[in-house]
Structures are given as C-alpha cells and as structure tokens.
Amino acid sequence: MGDIGIIVNNTSIRDMALNVVKKSPLSISVVLARSFEDSVNQAVEMQSRGFRVLISRGGHSARIREAGLNIPIIDIPFMGNNIAALLIKAKKVYGEFAVVGNELLINTARELGEAIGSGIHYFRVKEWKDYETMTNQARLMNLEAIVGGYDATSFAEKIGLRSFCIETREFEINTAVQEAEKILSILDKERRWNELFRTILDSIREGIVSTASDGTVTHLNQTARKLLGVDGRLMLGKPVGIRWLRDQIEDTLKRGVKSYDNLYESDNSYTGSVLPIKVGEQISGSVVVLQEIEYVQQVERSIRRKLSQKGFIAKTTFDLVLGKSSILQANIKKAKQYSLVDSTILIRGESGTGKEMFAQSIHNFSLRREEAFVAINCATIPPNLLESEFFGYVDGAFTGAKKGGKAGLFELAHNGTIFLDEIGEIAVDMQARLLRVLEERQIRRVGGDKVIPVNIRVIAATNKDLARMVKEGNFREDLYYRLNVLSLNLPPLRERRADIPIMLNYFADFFTHSHNKHPIVFSEEGMELLAGYEWPGNIRELKNIVERLVITAQDESVGKMDVMSVLGDVSGILPVRSIDSGTESLLESNEKELITFILKETGGNKTEAAKKLGISRATLHRKLKEMNIDRKS
C-alpha cells in the first residue's frame, strides 16, 4: 500500500520522478507504461493496492481519468513557455509542421500558435493507436516535423519525421507531487470527518439512513440496520426496500415534503421521519430518522422519573379530586375548559382548599401534560433569593454563585407549566420583573445579558384578596390583571359539607393501609360532629385529623367522644356551626362532655387534662366552675 502512484511513459521521466520522491516523506511508487492501455492497467492495480492519488502525463492521465477510477488523477503539467519555444523553433526551421497530442496539448498549442503565425497543423489523439495514424497522416501531407510529447515524437522518429519533444523536467514532476500531497491532506481531513461522522451516527440510539437525490442509500448506521432487519452493505447504493418508507422518501425528494413519526410495526416496532437535504434551494437527498418504540418509551419513563425526583411533575388529575357537590363539579368543569388553552389562570381559595391539586390537574389535562410542572411557593423563598430562583444566574453573578451558573425555575418549566403559589407574598419590586416575563415570555439570568425565550403556561394561586391589595398599594394593578385572565374560586370545605363524608372515608381507608392499622368506621354521632366542624384548615386539616383518628382508634368504631378528643387535641376549642339560632351550639352541648371525658381519661389529673385540651390549668378550673362539673371527677 502506498500514498501516491506515478505512471510515466518514458525512462527519463521515470528517473527524474525517482529522484523527486526521495525528498518526500510519503510512500510514492513510480511505474513505467508503454501504452495508454498499459497505463490504465497499472492505475487499476495501484488503486487495488490502496494508492490514494495517481500522477501521470498527457494522454496517459486522460485515459486513466476516463477509466472511472475512484481516486484523484493529477497531471504532470505542460509548461507554456516550453511548448512556445518548440513551436517557434519548428516554425523557423520548417515553416509548416504538425502538433500531435491530447486535447490539453492541442488547446495550449493553438493559443500559443496564434502569435506565431500560419502553417501549424493540429492532430488530436484520443487513443494509443491514433499516434501512428496521425503521424502517418502528417507525412502524407508532406509535413516534415512533429511537435508533441514522448509518445508522438517516438512514432514520428519511426517513420523518419523530425521531432520536437515536449520534455518533462524535474520541476514539473515536483509540482505534480506537491499538488498530490495537498490532495492527500484534504483526503485525510475528509477521512477523519467521515470517521467522526460514522462514529457519531453509530453511537446514537436513533436509526439514521441517508439517500442520494435518486433515492439510493448512501449511509445507514448500526441502529438502522437493526430496525430495518437488513445487512447495511446490501442496501448501499440501492433504494430502501420497505415500500412505505421508500414511497415517503420519493415524495420527500420530489416535493420537499417533511414527514414525522410514521408508525411501522414488524418484529421491531419503530417510527420513521423523513426530511429533505437541501443545498441552497435544491434537494440533494434525504435523511431518515428511525426511533424504536420501546426505546422511546424507556426514555420517556426515564425523563419522567428524573422530573419526579426533582419535583417537576404533576401527580394529580381531576379523577383524584374528591367530592360530588355541585359547587365542586362546577369548578372541575370550568378547570377542564381552562386546560385546553394556554391563558394564565388565577386560582383563589383559603389555605388547604386544594389550589395546587387543581393546578396539577389542569396541567395533566392540557396538551403540556408530558412536559415539566414546576411549582413554586413564593412565601417560602426569601425575597433576596427570589429573583435568582425565578430566573437563574450566570457564572460569577454574585458571591457564592454556583460555578457555571444555574437555570432558573422559569427555564426549567420551558414548554410546560409553572405554578406560582402564594403569589400575593411577592414584593412589589419583584412584581415588576414578573410582569415583564409574563408579557414578553422571555427571561434574563441574574448577571447575564442574554435573553432566553420561555414557552410556559402560568398558573398562580393565592389565599389573599388581591383586589383589596391593589387598592391598598401592596400589589401591582397591571400584574393583577395579567394574572387574572382566567379565574377559579375554590370554595372552603364548610361550603361543600356534602363532600366531607366522602373525604373522611377515603382518607380513613388510605391511612389504614399506609399505617397498617385495623379499618375504622365512623359512628353516626362521630360523622355528624365532623360534618358540623368548621374546618378552618379545610382539606389539609381534615386529612390530618383523620390520620390521627386512625392512629389513636382503640376499636373499629370511631364515636363522638373519639372525635371530640382529637378535635380538642388539635385546637383546644371546637369551632362548630350553630344548629339554629334557637338552640345552643354544638360547642356548648359538647364541650362539657369532652371535658368530662378527658378528666376520666387522665384519672382526674387536671394538669394532664388541661394539656390534652390545649388550655391552661386556670382556664380548665374556670370552665369546671361555670359548667358545674365535679372537680373530683
């Protein structure tokens, strides 16, 4: 195997070439050919032996080029001044003469001959036998001299004509070698790029097939071979064998049509996308991207798992929202309508009414369900950190900044949903930055000057009266209207009491299993007391109380005294609704029973009883006196 092969038709050129190659660090071989056919045979052999560039001269290089070899052919150049000198000399001696040679020589001689004058006859050689034919023709025209290369002058001398040989000099051979070295350098770079390209394509999990403009395959990687179920070597240079894919490729090549994610099911189920390759406006080929269905599903599961680990996933759907009350169902219906658009939503409701649950359900019902859901509790982030948490920061933005910078929560929510809980807690100066982001849908990291576009759906929530805060100057009016495009008002639990039994039973079952406790049922009195409770903490409080009842239950049935005990542990006071204006409140009727029950439970220990009731010992003594309860009981 060599780098450069030099094919010459004269021993003197061979000797000069051998002298030139001594100075080159490359592997160069020089061979002698006696005819055009011999030159082609030598060239074919050199190509098979791994030579990457060939050098030859005149008609020999032309014939090698015509043979269709897959390696570059470099000409040993004809120097114009050398040809001109021979033309002038032949003109001076003979006046009229012939020039015999290949097309390049004839064209060069014609240009130079215009300045010399008439009397020059040109004979173009295409094949080796033409040398003999053309020199004989020149003799029949009574021409006595021939100007040409080594082959032409050799035939001329055989039939007695005077010859003027265009000799090759060492300088010309060296010029051709230098040109060949440049081409080798380019080929090396191209080979490295091809290897890099092939390595990249073979290392990715997508199947890649490229075609020429006629639809024949020019490359396919390992994954494509696997998915298509063929040996790639059999497909190179041929159209794709799968009918639907071949038809799509032909359509893409003809009309520039882009096709995405067509499903193909066989032993290996995969999707195929076909895109045109354009050079300027001209379609020069196509590229096919194949994705194995199983792999896509694995990637999706992995991404969702990672998002889940980061907390950037919505877990709740409308199916998990508990309750059948008309007011709740109306809110669900409205929320589902909101889910189908990208407009900003403001959710209002007391603490614990399920604002984030609705936000997650809206996200999971929307077209963004496969993207990130990023929830931010604005009340828990210190004001001095809020900007960097929202928008991120660049490297070195401030002391203690993470090396390389950090993406903000708005960036992480790109293409998904960002949930701004407790929006009313944001300081006024930060409200201005937030307003700009909502209007322009682009952010700039702290300390950075690059604008980053974000495609996000914004859902905000608050338990405050933002309209009143606007009047008081504590919330920007323009931000309020920007947030309040779509509005959702979640009712407190006391306004949907019909849903309370459903929730009680659901959470009782949930905590029974999660804590491995025996099942519980609520007695009629116990359920009535819980249904009448005011639930200032709403669903969150209900969930906590049920968990406590499950853990502390002594038997299967949870009665009135069990409930009173837990409610007393929670707050020390039983805020319940009045039955009607003419009767005493549930508090008045139940508080005496609760205190009596707790005193019995503590064996009359008033200090312990007061602690359980969540009141001071002095308050307990006052209540015992007011309710005429035996202090020894």
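Residues numbered from 1 in each chain as written. Predicted model: local features only at pLDDT ≥ 70, side-chain atom pairs only at ≥ 80, totals over all residues. Heavy atoms only, no water.

### Let's talk about the overall build of the protein
And step 1. Of regular secondary structure, the protein possesses 26 helices and 24 strands.
And step 2. Considered along the principal axes of its C-alpha atoms, the protein spans approximately 155 × 55 × 45 Å.
And step 3. Look at the contacts in the protein between residues 6 or more apart in sequence, and 62% of them connect residues 24 or more apart.
And step 4. When the accessible surface of the protein is summed, it comes to about 33,100 Å², and 49% of that surface belongs to carbon and sulfur atoms.
And step 5. When the 85 basic and 82 acidic side-chain charges of the protein are each reduced to a single mean position, those positions are 2 Å apart. (Helix = DSSP H or I, 4+ residues; strand = E, 2+ residues; numbered from the N terminus. Contact = heavy atoms within 4.5 Å. Areas by Shrake-Rupley, 256 points an atom, 1.4 Å probe, with all protein chains shown as cover. Lys, Arg positive; Asp, Glu negative; His and termini not counted. Charge placed at Lys NZ, Arg CZ, Asp CG, Glu CD.)

### Notes on helix H22 (residues 538–552)
And step 1. Its 15 residues give H22 an end-to-end C-alpha distance of 21 Å, which sits within 8% of 21 Å, the value for a rise of 1.5 Å per residue.
And step 2. By the burial criterion, the buried members of H22 are Asn538, Ile539, Glu541, Leu542, Ile545, Val546, Leu549 and Val550. (Expected span 1.5 Å × (residues − 1). Buried < 20%, exposed > 50% of the residue type's maximum accessible area, 1.4 Å probe, protein only.)

### A closer look at the packing of aromatic side chains
And step 1. Under the definition given, this model contains 14 aromatic pairs.
And step 2. Geometrically, the ring pair formed by Phe373 and Phe419 is stacked, given 6.2 Å between the ring centres and 20° between the ring planes. With Phe373 in strand E15 (residues 373–377) and Phe419 in strand E18 (residues 417–421), this pair connects stretches of sequence that are 46 residues apart.
And step 3. The class for Phe373 is buried, based on a relative accessible area of 1%.
And step 4. Judged by centre distance (4.6 Å) and plane angle (85°), the ring pair of Tyr533 and Trp535 falls under edge-to-face.
And step 5. Tyr533 sits in the buried class, given a relative accessible area of 1%. (Phe/Tyr/Trp six-rings, centres within 6.5 Å; stacked < 30°, edge-to-face > 60°.)

### Quick notes on the packing of helix H4 (residues 80–94) against helix H5 (residues 103–116)
And step 1. Viewed as axis vectors pointing N to C, H4 and H5 meet at an angle of 55°, and their least axial separation amounts to 10 Å. Comparing their axes, H5 and H4 come out oblique. Relative to H5, H4 is oriented so that their crossing is right-handed. Judged by residue contacts, Gly80, Ile83, Ala84, Leu87, Ile88 and Lys91 of H4 engage Leu105, Thr108, Ala109, Leu112, Gly113 and Ile116 from H5. (Axes fitted to C-alpha atoms, helices over the stretch in contact; angles between N-to-C directions. Parallel < 35°, antiparallel > 145°, perpendicular 65-115°, else oblique. Left-handed = near helix turned anticlockwise from the far one by under 90°.)

### Remarks on the packing of helix H6 (residues 129–140) against helix H7 (residues 150–158)
And step 1. Running from N to C, H6 and H7 point in directions that differ by 50°, and their axes come no closer than 9 Å. As summarised for this structure, H6 and H7 are arranged oblique, according to the angle between their axes. The element H6 and its partner H7 pack so that their crossing is right-handed. When H6 is examined against H7, the residues Tyr131, Glu132 and Thr135 are found in contact with a partner set consisting of Asp151, Ala152, Phe155 and Ala156.
And step 2. By residue class, the composition of the contact of H6 with H7 is 4 nonpolar, 1 polar and 2 charged. (Nonpolar A, V, L, I, M, F, W, Y, C, P; charged D, E, K, R; others polar.)

### Notes on the layout of surface pockets
And step 1. A volume near 670 Å³ is recorded for the largest pocket.
And step 2. Taken together, 23 residues line the largest pocket, and the ones lying closest to its centre are Gly354, Met357, Phe507, Ile539 and Lys543.
And step 3. Taken together, the elements giving at least two residues each to the lining of the largest pocket come down to helix H14 (355–365), helix H20 (500–514) and H22.
And step 4. Within the lining of the largest pocket, the residues separate by chemical class into 11 nonpolar, 5 polar and 7 charged. (1 Å grid on protein atoms, 1.4 Å probe; cavity = no way out; pocket = protein on both sides within 12 Å on 5 of 7 lines; lining within 4 Å. Points joined across faces, edges and corners; volume = space filled by probe spheres on them.)

### Some details on the confidence of the model for the protein
The predicted coordinates of low-pLDDT regions are not to be read in fine detail.
And step 1. Of the residues in the protein, 92% reach a pLDDT of 70 or more, and the chain-wide mean stands at 84.
And step 2. Strand E14 (residues 345–348) holds the highest mean pLDDT among the elements of the protein, 96, whereas helix H10 (residues 232–235) holds the lowest, 61.
And step 3. Counted against residues more than four places away or in other chains, residues 571–589, with its pLDDT under 50, gives 25 contacts. (pLDDT = per-residue confidence, 0-100.)

### So, the nonpolar core
And step 1. Core analysis: the largest hydrophobic core is formed by 38 residues, its most contacted members being Phe522 and Leu542.
And step 2. For this core, the elements supplying multiple residues, two or more each, are H20, helix H21 (524–532), H22, helix H23 (560–571), helix H24 (586–601), helix H25 (606–613) and helix H26 (617–626).
And step 3. Apart from the residues lying within four places of it in its own chain, the contact partners of Phe522 are Leu504, Asn505, Ala508, Met527, Leu530, Leu549 and Val558.
And step 4. Among the nonpolar cores identified, the runner-up in size contains 35 residues, and Phe312, Ile426, Ile456 and Met469 belong to it. (Core = buried A, V, L, I, M, F, W, Y, C linked by side-chain atoms within 4.5 Å.)

### Description of the pattern of salt bridges
And step 1. In the structure shown here, the tally under the stated rule is 24 salt bridges.
And step 2. A salt bridge links Glu411 to Arg445; the nearest nitrogen and oxygen atoms lie 2.7 Å apart. Taken as a pair, Glu411 in helix H16 (residues 409–412) and Arg445 in the loop between strand E19 (442–444) and strand E20 (451–453) lie far apart in primary sequence, 34 residues in all. Judged on exposure class, the residue Glu411 and its partner Arg445 are both buried.
And step 3. Salt-bridge contacts for Asp499 lead to Arg496; the nearest nitrogen and oxygen are separated by 2.8 Å. Neither residue differs from the other here; Asp499 and Arg496 are each classed as buried.
And step 4. A network of salt bridges, in which partner residues are shared, links Asp3, Arg52, Asp188 and Arg191. (Salt bridge = Lys/Arg side-chain N within 4 Å of Asp/Glu carboxyl O.)

### Some thoughts on empty space enclosed by the protein
And step 1. Summed over all chains, the structure comprises 2 cavities of 30 Å³ or more.
And step 2. One number sums up the size of the largest cavity: a volume of about 100 Å³.
And step 3. What lines the largest cavity is a set of 14 residues, among which Arg57, Gly58, Gly59, Tyr131 and Gly149 lie closest to the centre.
And step 4. Taken together, the elements giving at least two residues each to the lining of the largest cavity come down to helix H3 (58–66) and H7.
And step 5. Each residue belonging to the lining of the largest cavity can be placed in one class, and the counts come to 5 nonpolar, 7 polar and 2 charged.

### Description of the pairing of strand E1 (residues 4–8)
And step 1. Burial of E1 is extensive: 5 of the 5 residues sit out of reach of the surface.
And step 2. Residue alternation in E1 divides its side chains into two sets, Ile4, Ile6 and Val8 and Gly5 and Ile7, and both sets are buried.
And step 3. Sheet topology note: the E1/strand E3 (residues 53–56) ladder contains 3 bridges and is parallel. The residue of E3 that forms the bridge with Gly5 is Leu54. (Pairing = 2+ DSSP bridges.)

### Regarding the sheet that holds strand E5 (residues 97–101)
And step 1. With parallel pairing, the 4 strands of this open sheet are ordered in space as E6-E5-E7-E8. Strand pairing shows two members of the sheet lacking a second neighbour, strand E6 (120–124) and strand E8 (162–165), which therefore form its edges. Neighbour-to-neighbour, the strand axes of this sheet turn through a mean angle of 25°, independent of strand direction.
And step 2. Direction of pairing for E5 relative to strand E7 (residues 145–148): parallel, over a ladder of 3 bridges. Paired with Val100 across the bridge in E7 is Gly148.
And step 3. The strands touched by H4 are E5, E7 and E8; relative to E8, the strand with the most contacts, the crossing angle is about 160°.
And step 4. Sitting on the sheet, H5 touches E5, E6 and E7, and the angle it makes with E6 is about 170°.

### Some details on the sheet that holds E14
In a beta sheet, neighbouring strands pair by backbone hydrogen bonds and run either parallel or antiparallel.
And step 1. The parallel open sheet is built from 5 strands, whose spatial order is E15-E18-E21-E14-E22. Two strands close off the open sheet at either side, each with one partner strand: E15 and strand E22 (486–489). Here the strands of the sheet are splayed against their neighbours by 15° on average, with no regard to which way each runs.
And step 2. As paired elements, E14 and E22 share 4 bridges and run parallel to each other. By the bridge assignment, Ile345 is partnered in E22 with Leu486.
And step 3. Relative to E22, helix H13 (residues 326–339) is tilted by about 155°, and along the sheet it contacts E14, strand E21 (457–462) and E22.

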